Amino acid sequence: MADKKKKEAGYEPKILSFCCNWCSYAGADLAGVSRLQMPANFRTIRVMCSSRVNPVYVFTALERGADGVIVTGCHPGDCHYARGNYFTRRRQALLEKVLEEIGFDRERVMLRWISASEGPEFASTMEEFDATIRSKGKNPLSEEVFL
Amino acid sequence: MTATITIDKPLDEGVRTLLRSMLEKGTVRAVLTLRRLEDGGGVAHCLVTDPAALAEAVPLLPVMPSQGGQVLSHLTQEEPFKEPVAAVVRPCEARAFVELMKRNQAFGDNLVLISPECPGVFPVQRVSGDPMDDDIDAYWRSTSEGKGADGLRPVCTGCELFEPIGVDMTLRLVGRSDLDKVLTVRLDTQRAEDMVKDLGLGKAKEDGKDPKGLEALRSARAKGRADLRAELDFTGEDMAEFSRTFGKCISCHACSKVCPICYCQMCYFEARAAAAGPAWWRNDLKRKGATRAPPGTVFFHVGRLLHMSISCVACGMCEDVCPVDIPVARIFKKVGEAAQEVFEYVPGRDPKEEIPIKTFVEDELHEVER
(Lines give C-alpha, C1' and ligand atoms only; values in the text may rest on other atoms or scores of the structure.)
Protein backbone atom coordinates (compact mmCIF):
# COMPACT_ATOMS: atom_id res chain seq x y z
CA MET A 1 0.00 0.00 0.00
CA ALA A 2 2.80 2.38 0.97
CA ASP A 3 4.48 1.36 -2.24
CA LYS A 4 1.41 2.16 -4.22
CA LYS A 5 1.11 5.59 -2.58
CA LYS A 6 4.71 6.33 -3.45
CA LYS A 7 4.05 5.40 -7.04
CA GLU A 8 1.04 7.66 -7.16
CA ALA A 9 2.90 10.62 -5.73
CA GLY A 10 5.16 10.71 -8.77
CA TYR A 11 2.27 9.73 -11.01
CA GLU A 12 2.57 10.83 -14.60
CA PRO A 13 -0.34 9.75 -16.79
CA LYS A 14 0.35 7.84 -19.97
CA ILE A 15 -1.87 9.10 -22.71
CA LEU A 16 -2.21 7.74 -26.20
CA SER A 17 -3.48 9.92 -29.01
CA PHE A 18 -4.56 8.67 -32.41
CA CYS A 19 -4.18 11.53 -34.88
CA CYS A 20 -5.55 11.74 -38.39
CA ASN A 21 -2.84 12.39 -40.96
CA TRP A 22 -4.86 15.10 -42.70
CA CYS A 23 -6.00 17.21 -39.79
CA SER A 24 -5.12 16.69 -36.15
CA TYR A 25 -1.65 15.35 -36.90
CA ALA A 26 -0.92 18.59 -38.74
CA GLY A 27 -2.70 20.41 -35.91
CA ALA A 28 -0.32 18.79 -33.43
CA ASP A 29 2.59 19.79 -35.64
CA LEU A 30 1.31 23.36 -35.75
CA ALA A 31 0.97 23.40 -31.97
CA GLY A 32 4.58 22.22 -31.78
CA VAL A 33 6.11 24.69 -34.20
CA SER A 34 4.09 27.47 -32.59
CA ARG A 35 5.84 26.47 -29.34
CA LEU A 36 2.54 26.14 -27.50
CA GLN A 37 2.84 24.69 -24.02
CA MET A 38 1.16 21.35 -23.48
CA PRO A 39 1.73 18.26 -21.37
CA ALA A 40 4.51 16.05 -22.64
CA ASN A 41 2.95 12.80 -21.54
CA PHE A 42 1.07 11.81 -24.66
CA ARG A 43 2.31 9.51 -27.37
CA THR A 44 0.89 9.93 -30.83
CA ILE A 45 0.06 7.31 -33.41
CA ARG A 46 -0.59 8.76 -36.83
CA VAL A 47 -3.37 7.11 -38.79
CA MET A 48 -4.53 7.89 -42.30
CA CYS A 49 -8.06 8.45 -41.04
CA SER A 50 -9.62 8.44 -37.58
CA SER A 51 -11.91 5.67 -38.84
CA ARG A 52 -8.78 3.50 -39.13
CA VAL A 53 -8.94 3.18 -35.35
CA ASN A 54 -10.69 -0.03 -34.44
CA PRO A 55 -12.29 0.28 -30.97
CA VAL A 56 -10.32 -2.86 -30.12
CA TYR A 57 -7.09 -0.85 -30.52
CA VAL A 58 -8.31 1.66 -27.98
CA PHE A 59 -9.12 -1.04 -25.48
CA THR A 60 -5.80 -2.72 -26.20
CA ALA A 61 -4.03 0.47 -25.15
CA LEU A 62 -6.07 0.65 -21.96
CA GLU A 63 -5.37 -2.97 -21.15
CA ARG A 64 -1.66 -2.49 -21.87
CA GLY A 65 -1.23 0.35 -19.43
CA ALA A 66 -2.45 3.57 -21.05
CA ASP A 67 -4.33 5.81 -18.62
CA GLY A 68 -6.33 7.51 -21.33
CA VAL A 69 -6.84 7.28 -25.08
CA ILE A 70 -7.92 10.14 -27.29
CA VAL A 71 -8.96 9.78 -30.91
CA THR A 72 -8.83 12.94 -32.99
CA GLY A 73 -10.09 13.50 -36.50
CA CYS A 74 -11.36 16.06 -38.98
CA HIS A 75 -14.50 18.02 -38.23
CA PRO A 76 -17.66 16.40 -39.62
CA GLY A 77 -17.95 17.32 -43.28
CA ASP A 78 -14.21 17.95 -43.60
CA CYS A 79 -12.99 14.36 -43.81
CA HIS A 80 -10.25 13.88 -46.39
CA TYR A 81 -12.09 10.75 -47.46
CA ALA A 82 -15.47 12.51 -47.33
CA ARG A 83 -17.14 10.43 -44.60
CA GLY A 84 -14.59 8.51 -42.56
CA ASN A 85 -15.11 10.54 -39.41
CA TYR A 86 -18.84 9.78 -39.35
CA PHE A 87 -17.90 6.12 -38.99
CA THR A 88 -15.41 7.07 -36.28
CA ARG A 89 -18.21 8.71 -34.34
CA ARG A 90 -20.36 5.59 -34.52
CA ARG A 91 -17.44 3.46 -33.39
CA GLN A 92 -16.75 5.77 -30.49
CA ALA A 93 -20.41 5.58 -29.43
CA LEU A 94 -20.20 1.79 -29.55
CA LEU A 95 -16.92 1.72 -27.63
CA GLU A 96 -18.15 4.06 -24.92
CA LYS A 97 -21.38 2.11 -24.48
CA VAL A 98 -19.54 -1.21 -24.18
CA LEU A 99 -17.07 0.29 -21.68
CA GLU A 100 -19.93 1.65 -19.62
CA GLU A 101 -21.70 -1.70 -19.67
CA ILE A 102 -18.67 -3.67 -18.52
CA GLY A 103 -18.01 -1.22 -15.74
CA PHE A 104 -15.05 0.71 -17.06
CA ASP A 105 -14.79 4.49 -16.83
CA ARG A 106 -15.78 5.73 -20.29
CA GLU A 107 -14.24 9.13 -19.62
CA ARG A 108 -10.82 7.60 -20.08
CA VAL A 109 -11.51 7.63 -23.79
CA MET A 110 -12.34 10.71 -25.79
CA LEU A 111 -13.16 11.74 -29.33
CA ARG A 112 -12.39 15.28 -30.49
CA TRP A 113 -12.42 17.00 -33.88
CA ILE A 114 -9.30 19.10 -34.53
CA SER A 115 -8.42 20.57 -37.93
CA ALA A 116 -4.93 21.16 -39.37
CA SER A 117 -5.17 24.88 -38.59
CA GLU A 118 -6.24 24.40 -34.98
CA GLY A 119 -2.86 24.25 -33.24
CA PRO A 120 -4.10 26.04 -30.12
CA GLU A 121 -7.12 23.74 -29.95
CA PHE A 122 -4.83 20.74 -30.11
CA ALA A 123 -2.74 22.07 -27.22
CA SER A 124 -5.77 22.95 -25.10
CA THR A 125 -7.39 19.58 -25.80
CA MET A 126 -4.28 17.83 -24.55
CA GLU A 127 -4.20 20.07 -21.47
CA GLU A 128 -7.84 19.30 -20.79
CA PHE A 129 -7.55 15.55 -21.32
CA ASP A 130 -4.40 15.38 -19.23
CA ALA A 131 -6.19 17.19 -16.39
CA THR A 132 -9.15 14.80 -16.60
CA ILE A 133 -6.92 11.72 -16.50
CA ARG A 134 -4.71 13.19 -13.77
CA SER A 135 -7.76 13.73 -11.58
CA LYS A 136 -8.82 10.11 -12.14
CA GLY A 137 -5.40 8.70 -11.34
CA LYS A 138 -3.90 5.50 -12.57
CA ASN A 139 -5.86 3.22 -14.88
CA PRO A 140 -6.94 0.33 -12.64
CA LEU A 141 -6.39 -2.14 -15.48
CA SER A 142 -2.70 -1.35 -15.81
CA GLU A 143 -1.83 -3.42 -12.76
CA GLU A 144 -4.48 -6.08 -13.16
CA VAL A 145 -2.72 -9.43 -13.46
CA PHE A 146 -5.61 -11.58 -14.59
CA LEU A 147 -6.70 -9.78 -17.72
CA MET B 1 -55.17 -10.13 -42.33
CA THR B 2 -52.77 -12.94 -43.08
CA ALA B 3 -53.90 -16.44 -43.95
CA THR B 4 -53.40 -19.56 -41.92
CA ILE B 5 -53.76 -23.25 -42.60
CA THR B 6 -54.46 -25.96 -40.08
CA ILE B 7 -52.79 -29.33 -40.41
CA ASP B 8 -54.65 -32.07 -38.53
CA LYS B 9 -51.53 -33.46 -36.91
CA PRO B 10 -49.85 -31.91 -33.91
CA LEU B 11 -46.36 -30.46 -33.39
CA ASP B 12 -43.47 -32.44 -34.90
CA GLU B 13 -45.84 -34.70 -36.77
CA GLY B 14 -47.61 -31.69 -38.22
CA VAL B 15 -44.37 -30.08 -39.37
CA ARG B 16 -43.19 -33.37 -40.82
CA THR B 17 -46.45 -33.60 -42.78
CA LEU B 18 -45.94 -30.09 -44.11
CA LEU B 19 -42.31 -30.74 -45.06
CA ARG B 20 -43.05 -34.13 -46.56
CA SER B 21 -45.78 -32.81 -48.81
CA MET B 22 -43.58 -29.91 -49.91
CA LEU B 23 -40.87 -32.39 -50.89
CA GLU B 24 -43.25 -34.84 -52.55
CA LYS B 25 -45.05 -32.19 -54.56
CA GLY B 26 -41.75 -30.69 -55.61
CA THR B 27 -42.56 -27.33 -54.03
CA VAL B 28 -39.09 -27.38 -52.53
CA ARG B 29 -36.07 -29.42 -53.53
CA ALA B 30 -34.78 -29.98 -49.99
CA VAL B 31 -35.58 -29.19 -46.38
CA LEU B 32 -33.30 -28.32 -43.50
CA THR B 33 -34.51 -29.57 -40.15
CA LEU B 34 -33.35 -31.08 -36.90
CA ARG B 35 -33.21 -34.83 -37.22
CA ARG B 36 -32.47 -37.65 -34.83
CA LEU B 37 -29.43 -39.64 -35.81
CA GLU B 38 -29.59 -43.40 -35.88
CA ASP B 39 -29.15 -45.43 -32.67
CA GLY B 40 -29.30 -42.62 -30.17
CA GLY B 41 -26.58 -40.71 -31.95
CA GLY B 42 -28.01 -37.40 -30.93
CA VAL B 43 -29.76 -34.69 -32.90
CA ALA B 44 -28.39 -32.51 -35.65
CA HIS B 45 -29.45 -30.20 -38.45
CA CYS B 46 -29.82 -32.23 -41.62
CA LEU B 47 -30.51 -31.28 -45.20
CA VAL B 48 -33.03 -33.77 -46.55
CA THR B 49 -34.24 -34.49 -50.09
CA ASP B 50 -35.73 -37.95 -49.57
CA PRO B 51 -39.21 -37.68 -48.00
CA ALA B 52 -38.67 -41.06 -46.31
CA ALA B 53 -35.72 -39.62 -44.40
CA LEU B 54 -38.10 -37.18 -42.73
CA ALA B 55 -39.39 -39.96 -40.49
CA GLU B 56 -36.61 -39.17 -38.02
CA ALA B 57 -37.06 -35.39 -38.31
CA VAL B 58 -37.78 -33.59 -35.05
CA PRO B 59 -38.21 -30.00 -36.25
CA LEU B 60 -39.61 -28.74 -32.95
CA LEU B 61 -37.42 -30.63 -30.50
CA PRO B 62 -36.54 -27.94 -27.97
CA VAL B 63 -32.77 -28.02 -28.31
CA MET B 64 -30.32 -26.15 -30.49
CA PRO B 65 -27.32 -28.42 -31.15
CA SER B 66 -25.98 -25.88 -33.63
CA GLN B 67 -27.18 -22.42 -34.55
CA GLY B 68 -29.42 -22.78 -37.62
CA GLY B 69 -28.32 -19.38 -38.93
CA GLN B 70 -24.73 -20.54 -38.86
CA VAL B 71 -25.69 -23.83 -40.52
CA LEU B 72 -27.52 -21.99 -43.32
CA SER B 73 -24.52 -19.71 -43.74
CA HIS B 74 -22.23 -22.70 -44.19
CA LEU B 75 -24.60 -24.04 -46.84
CA THR B 76 -25.01 -20.80 -48.78
CA GLN B 77 -21.71 -19.05 -48.21
CA GLU B 78 -20.35 -19.72 -51.69
CA GLU B 79 -23.51 -19.62 -53.75
CA PRO B 80 -27.23 -19.33 -53.18
CA PHE B 81 -29.53 -22.33 -53.35
CA LYS B 82 -30.45 -22.80 -57.00
CA GLU B 83 -33.80 -24.41 -56.19
CA PRO B 84 -36.21 -23.69 -53.34
CA VAL B 85 -35.14 -25.07 -49.98
CA ALA B 86 -37.29 -24.92 -46.85
CA ALA B 87 -35.60 -24.53 -43.48
CA VAL B 88 -37.21 -24.89 -40.07
CA VAL B 89 -35.30 -22.55 -37.77
CA ARG B 90 -36.04 -20.73 -34.55
CA PRO B 91 -36.57 -16.95 -34.61
CA CYS B 92 -33.08 -16.21 -33.26
CA GLU B 93 -31.60 -18.53 -35.88
CA ALA B 94 -33.48 -16.68 -38.62
CA ARG B 95 -32.25 -13.35 -37.22
CA ALA B 96 -28.67 -14.59 -37.08
CA PHE B 97 -29.00 -15.67 -40.70
CA VAL B 98 -30.07 -12.16 -41.68
CA GLU B 99 -27.05 -10.71 -39.87
CA LEU B 100 -24.81 -13.15 -41.75
CA MET B 101 -26.33 -12.10 -45.06
CA LYS B 102 -25.49 -8.51 -44.19
CA ARG B 103 -21.91 -9.62 -43.63
CA ASN B 104 -21.79 -11.36 -47.02
CA GLN B 105 -21.59 -14.76 -45.36
CA ALA B 106 -24.82 -16.16 -46.75
CA PHE B 107 -27.34 -15.92 -49.57
CA GLY B 108 -31.05 -15.97 -48.87
CA ASP B 109 -32.22 -16.65 -52.42
CA ASN B 110 -34.63 -19.57 -52.81
CA LEU B 111 -34.73 -20.06 -49.08
CA VAL B 112 -38.15 -20.56 -47.50
CA LEU B 113 -37.94 -19.95 -43.77
CA ILE B 114 -40.38 -21.71 -41.49
CA SER B 115 -40.14 -20.65 -37.88
CA PRO B 116 -42.08 -21.41 -34.69
CA GLU B 117 -43.24 -19.01 -32.06
CA CYS B 118 -40.42 -20.18 -29.88
CA PRO B 119 -41.07 -21.32 -26.31
CA GLY B 120 -37.31 -21.59 -25.79
CA VAL B 121 -34.88 -24.48 -25.86
CA PHE B 122 -33.23 -26.71 -23.28
CA PRO B 123 -29.46 -26.55 -22.84
CA VAL B 124 -27.71 -28.54 -25.52
CA GLN B 125 -26.26 -30.99 -22.98
CA ARG B 126 -29.72 -32.54 -22.84
CA VAL B 127 -29.33 -34.01 -26.32
CA SER B 128 -26.81 -36.66 -25.37
CA GLY B 129 -28.39 -39.77 -23.92
CA ASP B 130 -31.10 -38.02 -21.93
CA PRO B 131 -34.49 -38.85 -23.41
CA MET B 132 -36.12 -35.62 -22.15
CA ASP B 133 -39.58 -37.15 -22.78
CA ASP B 134 -41.18 -36.14 -19.49
CA ASP B 135 -39.77 -32.66 -19.75
CA ILE B 136 -41.00 -32.30 -23.29
CA ASP B 137 -44.57 -33.14 -22.30
CA ALA B 138 -44.40 -30.48 -19.61
CA TYR B 139 -42.78 -28.10 -22.09
CA TRP B 140 -45.68 -28.33 -24.54
CA ARG B 141 -48.22 -28.14 -21.73
CA SER B 142 -46.79 -24.90 -20.49
CA THR B 143 -46.49 -23.60 -24.05
CA SER B 144 -50.19 -24.17 -24.65
CA GLU B 145 -50.87 -22.22 -21.47
CA GLY B 146 -48.55 -19.40 -22.48
CA LYS B 147 -46.09 -20.04 -19.68
CA GLY B 148 -42.38 -20.57 -19.90
CA ALA B 149 -41.18 -24.13 -19.27
CA ASP B 150 -38.70 -25.00 -16.53
CA GLY B 151 -35.08 -25.81 -17.25
CA LEU B 152 -34.69 -23.72 -20.41
CA ARG B 153 -31.53 -21.93 -21.45
CA PRO B 154 -31.39 -18.99 -19.05
CA VAL B 155 -31.20 -16.51 -21.90
CA CYS B 156 -34.41 -17.90 -23.41
CA THR B 157 -36.35 -16.92 -20.30
CA GLY B 158 -35.61 -13.26 -21.07
CA CYS B 159 -36.22 -13.41 -24.83
CA GLU B 160 -38.84 -10.97 -26.03
CA LEU B 161 -38.23 -11.73 -29.70
CA PHE B 162 -39.70 -15.23 -29.59
CA GLU B 163 -42.13 -14.43 -32.42
CA PRO B 164 -40.45 -14.84 -35.82
CA ILE B 165 -39.58 -11.78 -37.89
CA GLY B 166 -39.31 -11.80 -41.66
CA VAL B 167 -40.02 -15.49 -42.26
CA ASP B 168 -42.32 -17.17 -44.77
CA MET B 169 -44.33 -19.32 -42.40
CA THR B 170 -44.91 -18.99 -38.68
CA LEU B 171 -45.79 -22.10 -36.70
CA ARG B 172 -48.29 -20.79 -34.19
CA LEU B 173 -47.74 -22.64 -30.95
CA VAL B 174 -47.88 -20.35 -27.97
CA GLY B 175 -51.10 -20.26 -25.97
CA ARG B 176 -52.97 -22.74 -28.20
CA SER B 177 -55.16 -25.20 -26.40
CA ASP B 178 -55.38 -27.39 -29.52
CA LEU B 179 -51.62 -27.87 -29.59
CA ASP B 180 -51.87 -31.61 -29.08
CA LYS B 181 -54.32 -32.05 -31.97
CA VAL B 182 -53.52 -29.69 -34.81
CA LEU B 183 -50.73 -27.51 -36.13
CA THR B 184 -51.59 -23.95 -37.09
CA VAL B 185 -49.37 -22.39 -39.74
CA ARG B 186 -49.53 -18.70 -40.58
CA LEU B 187 -48.49 -17.83 -44.13
CA ASP B 188 -46.55 -14.60 -43.87
CA THR B 189 -45.56 -14.11 -47.50
CA GLN B 190 -47.23 -14.41 -50.87
CA ARG B 191 -44.64 -17.04 -51.76
CA ALA B 192 -45.74 -19.15 -48.81
CA GLU B 193 -49.40 -18.84 -49.81
CA ASP B 194 -48.60 -19.89 -53.37
CA MET B 195 -46.59 -22.87 -52.18
CA VAL B 196 -49.19 -24.14 -49.77
CA LYS B 197 -52.05 -23.77 -52.24
CA ASP B 198 -51.06 -26.91 -54.14
CA LEU B 199 -50.20 -29.10 -51.19
CA GLY B 200 -53.72 -30.31 -50.45
CA LEU B 201 -53.43 -29.53 -46.76
CA GLY B 202 -56.73 -27.77 -46.57
CA LYS B 203 -57.84 -24.27 -47.50
CA ALA B 204 -56.16 -21.17 -46.15
CA LYS B 205 -58.37 -19.25 -43.75
CA GLU B 206 -58.15 -15.82 -42.30
CA ASP B 207 -55.94 -15.67 -39.26
CA GLY B 208 -57.92 -15.71 -36.04
CA LYS B 209 -57.38 -13.57 -32.97
CA ASP B 210 -54.20 -14.07 -30.95
CA PRO B 211 -54.78 -16.49 -28.09
CA LYS B 212 -54.56 -15.06 -24.58
CA GLY B 213 -51.55 -17.22 -23.81
CA LEU B 214 -49.47 -15.37 -26.39
CA GLU B 215 -49.93 -12.12 -24.52
CA ALA B 216 -49.18 -13.95 -21.28
CA LEU B 217 -45.87 -15.23 -22.61
CA ARG B 218 -44.99 -11.77 -23.92
CA SER B 219 -45.31 -10.30 -20.45
CA ALA B 220 -43.58 -13.28 -18.82
CA ARG B 221 -40.64 -12.74 -21.13
CA ALA B 222 -40.54 -9.01 -20.45
CA LYS B 223 -40.34 -9.79 -16.76
CA GLY B 224 -37.75 -12.50 -17.41
CA ARG B 225 -35.63 -10.00 -19.30
CA ALA B 226 -35.80 -7.50 -16.48
CA ASP B 227 -34.79 -10.21 -13.99
CA LEU B 228 -31.81 -11.28 -16.10
CA ARG B 229 -30.64 -7.70 -16.40
CA ALA B 230 -30.96 -7.09 -12.69
CA GLU B 231 -28.86 -10.17 -11.92
CA LEU B 232 -25.86 -8.84 -13.77
CA ASP B 233 -24.39 -5.71 -12.33
CA PHE B 234 -21.06 -4.58 -13.73
CA THR B 235 -21.35 -0.93 -12.79
CA GLY B 236 -18.12 0.60 -11.59
CA GLU B 237 -15.03 2.19 -12.99
CA ASP B 238 -12.42 -0.51 -12.63
CA MET B 239 -14.11 -3.39 -14.47
CA ALA B 240 -13.62 -5.47 -11.31
CA GLU B 241 -16.81 -7.51 -11.49
CA PHE B 242 -16.48 -8.13 -15.20
CA SER B 243 -12.86 -9.26 -14.79
CA ARG B 244 -13.83 -11.51 -11.93
CA THR B 245 -16.63 -13.13 -13.96
CA PHE B 246 -14.48 -13.76 -17.02
CA GLY B 247 -11.38 -14.49 -14.98
CA LYS B 248 -12.67 -18.08 -14.77
CA CYS B 249 -12.40 -18.40 -18.55
CA ILE B 250 -10.01 -21.14 -19.72
CA SER B 251 -9.66 -19.58 -23.19
CA CYS B 252 -11.12 -22.53 -25.06
CA HIS B 253 -12.92 -19.98 -27.27
CA ALA B 254 -15.82 -22.38 -27.77
CA CYS B 255 -18.18 -19.41 -27.30
CA SER B 256 -16.84 -17.83 -30.47
CA LYS B 257 -16.80 -21.12 -32.38
CA VAL B 258 -20.53 -21.64 -31.89
CA CYS B 259 -21.44 -17.96 -32.20
CA PRO B 260 -23.30 -17.38 -35.46
CA ILE B 261 -22.08 -13.79 -35.67
CA CYS B 262 -18.40 -14.66 -35.11
CA TYR B 263 -17.80 -15.84 -38.65
CA CYS B 264 -14.11 -14.94 -39.04
CA GLN B 265 -12.07 -17.94 -40.16
CA MET B 266 -9.03 -16.61 -38.34
CA CYS B 267 -10.00 -14.87 -35.14
CA TYR B 268 -8.15 -11.63 -34.47
CA PHE B 269 -7.85 -12.48 -30.80
CA GLU B 270 -6.32 -15.88 -31.37
CA ALA B 271 -3.74 -14.38 -33.67
CA ARG B 272 -3.03 -11.77 -31.04
CA ALA B 273 -2.46 -14.26 -28.21
CA ALA B 274 -0.14 -16.23 -30.48
CA ALA B 275 1.77 -13.05 -31.26
CA ALA B 276 2.52 -12.19 -27.63
CA GLY B 277 6.29 -12.47 -27.67
CA PRO B 278 9.11 -11.66 -25.22
CA ALA B 279 8.58 -7.91 -25.45
CA TRP B 280 5.03 -8.47 -24.34
CA TRP B 281 6.00 -10.38 -21.21
CA ARG B 282 8.77 -7.96 -20.32
CA ASN B 283 6.46 -4.98 -20.57
CA ASP B 284 3.76 -6.69 -18.53
CA LEU B 285 6.14 -7.87 -15.83
CA LYS B 286 7.78 -4.48 -15.48
CA ARG B 287 4.39 -2.95 -14.87
CA LYS B 288 2.62 -5.62 -12.83
CA GLY B 289 5.20 -7.97 -11.40
CA ALA B 290 3.06 -10.90 -12.53
CA THR B 291 1.05 -11.63 -15.61
CA ARG B 292 -1.43 -14.21 -16.73
CA ALA B 293 -0.08 -16.56 -19.36
CA PRO B 294 -1.04 -16.72 -22.11
CA PRO B 295 -2.37 -13.16 -22.03
CA GLY B 296 -5.66 -11.74 -23.14
CA THR B 297 -8.26 -13.88 -21.38
CA VAL B 298 -10.62 -11.11 -20.35
CA PHE B 299 -9.51 -9.01 -23.29
CA PHE B 300 -10.85 -11.70 -25.63
CA HIS B 301 -14.35 -11.17 -24.29
CA VAL B 302 -14.19 -7.39 -24.36
CA GLY B 303 -12.88 -7.62 -27.91
CA ARG B 304 -15.65 -9.97 -28.91
CA LEU B 305 -18.18 -7.58 -27.40
CA LEU B 306 -16.69 -4.75 -29.46
CA HIS B 307 -16.74 -6.86 -32.62
CA MET B 308 -20.07 -8.64 -32.53
CA SER B 309 -22.35 -7.42 -29.73
CA ILE B 310 -24.02 -4.99 -32.14
CA SER B 311 -25.42 -8.04 -33.97
CA CYS B 312 -25.88 -10.40 -31.02
CA VAL B 313 -29.19 -12.23 -31.39
CA ALA B 314 -28.97 -13.68 -27.87
CA CYS B 315 -29.44 -17.26 -29.02
CA GLY B 316 -27.52 -18.64 -26.04
CA MET B 317 -25.18 -21.02 -27.87
CA CYS B 318 -22.12 -19.50 -26.18
CA GLU B 319 -23.42 -20.11 -22.69
CA ASP B 320 -24.41 -23.70 -23.46
CA VAL B 321 -20.90 -24.64 -24.50
CA CYS B 322 -19.00 -22.78 -21.78
CA PRO B 323 -17.18 -25.46 -19.77
CA VAL B 324 -16.71 -23.23 -16.73
CA ASP B 325 -20.29 -21.95 -16.51
CA ILE B 326 -19.77 -18.27 -17.20
CA PRO B 327 -23.15 -16.66 -17.99
CA VAL B 328 -21.77 -15.57 -21.36
CA ALA B 329 -25.04 -15.29 -23.25
CA ARG B 330 -26.80 -13.32 -20.53
CA ILE B 331 -23.91 -10.86 -20.43
CA PHE B 332 -23.66 -10.56 -24.20
CA LYS B 333 -27.42 -10.12 -24.45
CA LYS B 334 -27.34 -7.30 -21.93
CA VAL B 335 -24.33 -5.48 -23.33
CA GLY B 336 -25.46 -6.17 -26.89
CA GLU B 337 -28.89 -4.71 -26.30
CA ALA B 338 -27.37 -1.59 -24.76
CA ALA B 339 -25.14 -1.13 -27.81
CA GLN B 340 -28.03 -1.84 -30.17
CA GLU B 341 -30.22 0.71 -28.40
CA VAL B 342 -27.69 3.46 -29.16
CA PHE B 343 -28.43 2.94 -32.84
CA GLU B 344 -32.05 1.81 -32.43
CA TYR B 345 -30.99 -1.39 -34.12
CA VAL B 346 -32.54 -4.83 -33.81
CA PRO B 347 -30.31 -7.52 -35.30
CA GLY B 348 -32.08 -9.54 -37.96
CA ARG B 349 -35.12 -7.27 -38.11
CA ASP B 350 -34.68 -6.34 -41.74
CA PRO B 351 -32.14 -7.60 -44.30
CA LYS B 352 -32.14 -4.17 -45.96
CA GLU B 353 -31.11 -2.37 -42.79
CA GLU B 354 -27.33 -1.75 -42.62
CA ILE B 355 -25.25 -2.87 -39.66
CA PRO B 356 -24.91 0.36 -37.60
CA ILE B 357 -21.13 0.57 -37.88
CA LYS B 358 -21.32 0.34 -41.67
CA THR B 359 -23.48 3.41 -41.99
CA PHE B 360 -24.13 6.79 -40.34
CA VAL B 361 -26.39 9.80 -40.14
CA GLU B 362 -24.74 13.20 -40.45
CA ASP B 363 -26.47 14.80 -37.51
CA GLU B 364 -26.26 12.36 -34.61
CA LEU B 365 -24.37 11.14 -31.54
CA HIS B 366 -23.09 14.58 -30.53
CA GLU B 367 -22.72 13.32 -26.99
CA VAL B 368 -19.52 11.49 -27.94
CA GLU B 369 -17.95 14.53 -29.58
CA ARG B 370 -16.58 15.85 -26.33
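Residues numbered from 1 in each chain as written. Chains lettered and ligands numbered in written order. Predicted model: local features only at pLDDT ≥ 70, side-chain atom pairs only at ≥ 80, totals over all residues. Heavy atoms only, no water.

Q: Any chance you could break down the sheet that holds strand E3 (residues 43-48) of chain B for me, citing the residues and the numbers?
A: Residues and elements named next belong to chain B. Read from one edge of the open sheet, 8 strands run E3-E2-E4-E5-E6-E7-E1-E8, paired in mixed fashion. Bordering the open sheet on either side are E3 and strand E8 (205-206), each of which pairs with just one other strand. Two strands pair when backbone bridges link them, and strand E6 (residues 169-172) and strand E7 (residues 183-187) are joined in this way by 4 bridges, in the antiparallel orientation. Its bridge partner lying in E7, Arg172 is registered against Thr184. (Pairing = 2+ DSSP bridges. Helix = DSSP H or I, 4+ residues; strand = E, 2+ residues; numbered from the N terminus.)

Q: Quick rundown of the interface of chain A and chain B? Include the residues and the values.
A: Each partner contributes residues to the interface: chain A has 43 residues there, and chain B has 50 residues. Taking both sides of the interface into account, the surface hidden between chain A and chain B amounts to around 4300 Å²; carbon and sulfur atoms contribute 61%. Between chain A and chain B we count 4 salt bridges in total. The residue B:Asp284 makes a salt bridge to A:Arg64 at a minimum N-O spacing of 2.6 Å. Elements with a minimum of two residues in the side of chain A that touches chain B: helix H3 (55-63), helix H4 (84-101) and strand E4 (109-113) of chain A. Among the elements that line the side of chain A that touches chain B, the one with the most residues is H4(A), at 13 residues. In the side of chain A that touches chain B, the residues fall into 22 nonpolar, 6 polar and 15 charged. (Contact = heavy atoms within 4.5 Å. Buried area = accessible area lost by both parts, 1.4 Å probe. Salt bridge = Lys/Arg side-chain N within 4 Å of Asp/Glu carboxyl O. Nonpolar A, V, L, I, M, F, W, Y, C, P; charged D, E, K, R; others polar.)

Q: Which residues make up the packing of aromatic side chains, and what are the values?
A: Counted under the stated rule, the structure contains 12 aromatic pairs over all chains. Relative to B:Phe360, the ring of A:Phe87 lies with its centre 5.2 Å away and its plane at 90°, an arrangement referred to as edge-to-face. With one member in each of two chains, A:Phe87 in helix H4 and B:Phe360 in the segment after helix H13 (328-342) form a pair that bridges those chains. Take A:Phe87: its relative accessible area is 14%, and that puts it in the buried class. For B:Phe360, a relative accessible area of 18% puts it in the buried group. Look at B:Phe269 and B:Phe300: their rings are 6.0 Å apart centre to centre, the planes differ by 90°, and that puts the pair in the edge-to-face class. One end of the pair, B:Phe269, is in helix H9 (residues 268-274); the other, B:Phe300, is in helix H11 (residues 297-308), with 31 residues separating them in the sequence. Overall, B:Phe269 belongs to the buried group, its relative accessible area being 5%. In this structure B:Phe300 comes out as buried when scored by relative accessible area, which is 2%. An aromatic cluster of at least three residues, connected via ring pairs, comprises A:Phe59, B:Tyr268, B:Phe269, B:Phe299 and B:Phe300. (Phe/Tyr/Trp six-rings, centres within 6.5 Å; stacked < 30°, edge-to-face > 60°. Buried < 20%, exposed > 50% of the residue type's maximum accessible area, 1.4 Å probe, protein only.)

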